[in-house]
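Coordinate analysis (summary)
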Amino acid sequence: MLLRNRSAVVRFSLLLLVYAVVMAVYVWYTSPNSVPAAYKGTEADPAAFFTQSQLTDSEMLNAARNWIFFLSGPWEWFIYIALLSGGLARYWRDALERRRLPVYVRFPLFVLLVDAAAFILYLPLRILGYGMSKTYGITTQPISGWIRDKLVAFGIGYVTALAVSAVAFWLISRGGRWWLKLWLLSVPFTLFMMYVQPVVIDPVYNHFSRLSDPQLEGKILELAAKADIPADRVYEVNMSAKTNAMNAYVNGIGSSLRIVLWDTTLKRLNEKEILLVMAHEMGHYRMHHLEWSAAGAVGSSLVVILIGRWLYVRALRKWGEGWGIRSVSDMAALPLLLLLLSVMSFASLPLSNLVSRSAESSADAYAMKLTGSAEGSVSMTQKMAVASLSDVNPPLLVRLFRDTHPNDLERIIAARKFEETHE
């Protein structure tokens, strides 16, 4: 049985290697930062606002980014399969039991071992991503700060994983309609996490303060009042210590709602461009995208739990004995649950990204309507593209699995269409 399990690890390793080579070929031959012939020489053509050196860097960096992304999912699956088929999950469970520790000590230690193993084995991809971003001048964060952020993320992730897995295994052990109880409990948990994200978790990573330019803040608040948004301050986050990229976002629900601007955005965009960025974020608020996001998370969690339950039971019937898993509530099955969640999350990306791109496109349109102009939209898109060396017109698989926003080409075209219809 052990030899059969190990051969499964070897087979998956070979499949992973072949997949990595195929995806490397795909991202390399689809990486040229170009646009359709109809847009050659226009302001949507990256050759019009990228230097030749930046175009070359963008091609190399995006090929690397996309390869790392497409490898990340299967790499994570390999880790969990290795823990199951390689016998480590069973070994850790048995070792903790031999020490006769109470279950409330064994379980947190077991989750820590699984989480730490996944973190360490996934680290090479994270290091590669950091190194590429640092080499091409996107990341400015020193290695010490990067390590700190990853360790903080590991700690927060461990506490969250422990809480969720403890409740999940307890409900599974009680039998009955455990999947329904788990989903019902996930609803307040999802809303709670959305509430605490901006006020508890985000400040652990970055420093937030009131917008440093009071005159600009006043104009942003005037825009918010025009949009009937009850805002009394705008937040600025110090991201220049970590990146040269630009961004803004809105998150939280209820009283924790925050509209946040990266300081890199403030430094590199002019006033009209910044107001368009903020109007875009206000569009998310006015169109209740955060509430819809919460509802979508709750609804999708039910689908995930139902499909996951079906796959979990069948996987245990087929391979559980070989993996040394004694029952559906055995802690040694944790890597299997994590594997199923990762696979389902990856498989759902085309749909979730499609919904996200639709919301972002609507927010873009709202921003131009609120400000009454698309002026600054094209230059803003161009500046953001250069700052992050983004691919203006990414290939199909990248659009499906990676893009949560309209690409730069689509945004520039939409801005020009708005101008043409509102002249």
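What comes next concerns the included structure. (Residues numbered from 1 in each chain as written. Predicted model: local features only at pLDDT ≥ 70, side-chain atom pairs only at ≥ 80, totals over all residues. Heavy atoms only, no water.)

On to the overall build of the protein. Across its full length, the protein carries 15 helices and 4 strands. On C-alpha atoms alone, the protein measures out to a radius of gyration of 24 Å, which is about the 22 Å that the 2.2 N^0.38 rule sets for 423 residues. Looking at the 423 residues of the protein, the share that counts as buried comes to 45%. One way to put it: in the protein the 41 positive side-chain charges average out to a point 14 Å from where the 33 negative ones average out. (Helix = DSSP H or I, 4+ residues; strand = E, 2+ residues; numbered from the N terminus. Rg over C-alpha atoms; globule rule 2.2 N^0.38 Å. Buried < 20%, exposed > 50% of the residue type's maximum accessible area, 1.4 Å probe, protein only. Lys, Arg positive; Asp, Glu negative; His and termini not counted. Charge placed at Lys NZ, Arg CZ, Asp CG, Glu CD.)

Looking now at a nonpolar patch on the surface. Residues Leu17, Val21, Val25, Trp28, Tyr29 and Met60 make up a contiguous nonpolar surface patch of roughly 640 Å² in combined accessible area. Looking at which element gives the most residues to the nonpolar patch, the answer is helix H1 (residues 2–29), with 5 residues. Structurally, Met60 can be placed in helix H2 (residues 52–85). Look at Met60 and you get partly exposed, because its relative accessible area is 36%. (Patch = residues over 30% accessible without salt bridge, like charges linked within 9 Å, V, L, I, M, F, W, Y side chains within 5 Å. Areas by Shrake-Rupley, 256 points an atom, 1.4 Å probe, with all protein chains shown as cover. Salt bridge = Lys/Arg side-chain N within 4 Å of Asp/Glu carboxyl O.)

Right, let's talk about the environment of Pro108 for a bit. Mapped onto the elements, Pro108 comes out in helix H4 (residues 103–135). Residues Pro108 and Ser165, 57 residues apart in the sequence, show an inter-C-alpha distance of 9.6 Å. Setting aside chain neighbours within four positions, we find Pro108 in contact with Val103, Tyr158 and Leu162. (Contact = heavy atoms within 4.5 Å.)

Let us now look at the sheet that holds strand S4 (residues 258–262). Sheets are built from strands that pair by backbone hydrogen bonding, the pairs being arranged parallel or antiparallel. Taken in spatial order, the 4 strands line up as S1-S2-S4-S3 in an open sheet, and their pairing is mixed. One side of each edge strand has no neighbouring strand; the edge strands of this open sheet are strand S1 (208–210) and strand S3 (248–251). Sheet twist, expressed as the average angle between the axes of neighbouring strands with direction ignored, equals 35°. Bridge analysis of S1 against strand S2 (residues 235–237) gives 3 bridges, and the strand direction is antiparallel. Following the sheet pairing, Phe208 is matched in S2 by Val237. (Pairing = 2+ DSSP bridges. Axes fitted to C-alpha atoms, helices over the stretch in contact; angles between N-to-C directions.)

A few words on the nonpolar core. Formed by 54 residues in total, the largest nonpolar core has its most connected members in Phe70, Leu83, Phe110, Tyr312, Ile325, Leu336 and Phe346. When residues of this core are assigned to their parent elements, the largest contribution, 11 residues, is made by H2. In this structure, Phe110 is in contact with Ala89, Trp92, Arg93, Leu96, Met331, Ala332 and Leu334, ignoring residues within four places of it in sequence. Membership of the second largest hydrophobic core comes to 46 residues, among which are Ile229, Val277, Met278 and Tyr366. (Core = buried A, V, L, I, M, F, W, Y, C linked by side-chain atoms within 4.5 Å.)

Below, the discussion takes up the pairing of S3. Pairing analysis gives 4 bridges linking S3 to S4, with the strands arranged antiparallel. Bridge pairing in S4 links Val250 to Ile259. Between the end of S3 and the start of S4, which pair antiparallel, lie 6 residues, with Gly252 showing a positive phi angle near 90°.

Despite not being glycine, Arg100 has its phi angle at roughly 55°, a positive value. Secondary-structure assignment places Arg100 in the loop between helix H3 (88–98) and H4. Even without being a glycine, Leu389 presents a positive backbone phi close to 50°. Turning to its location among the elements, Leu389 is positioned in the loop between helix H13 (377–388) and helix H14 (396–401).

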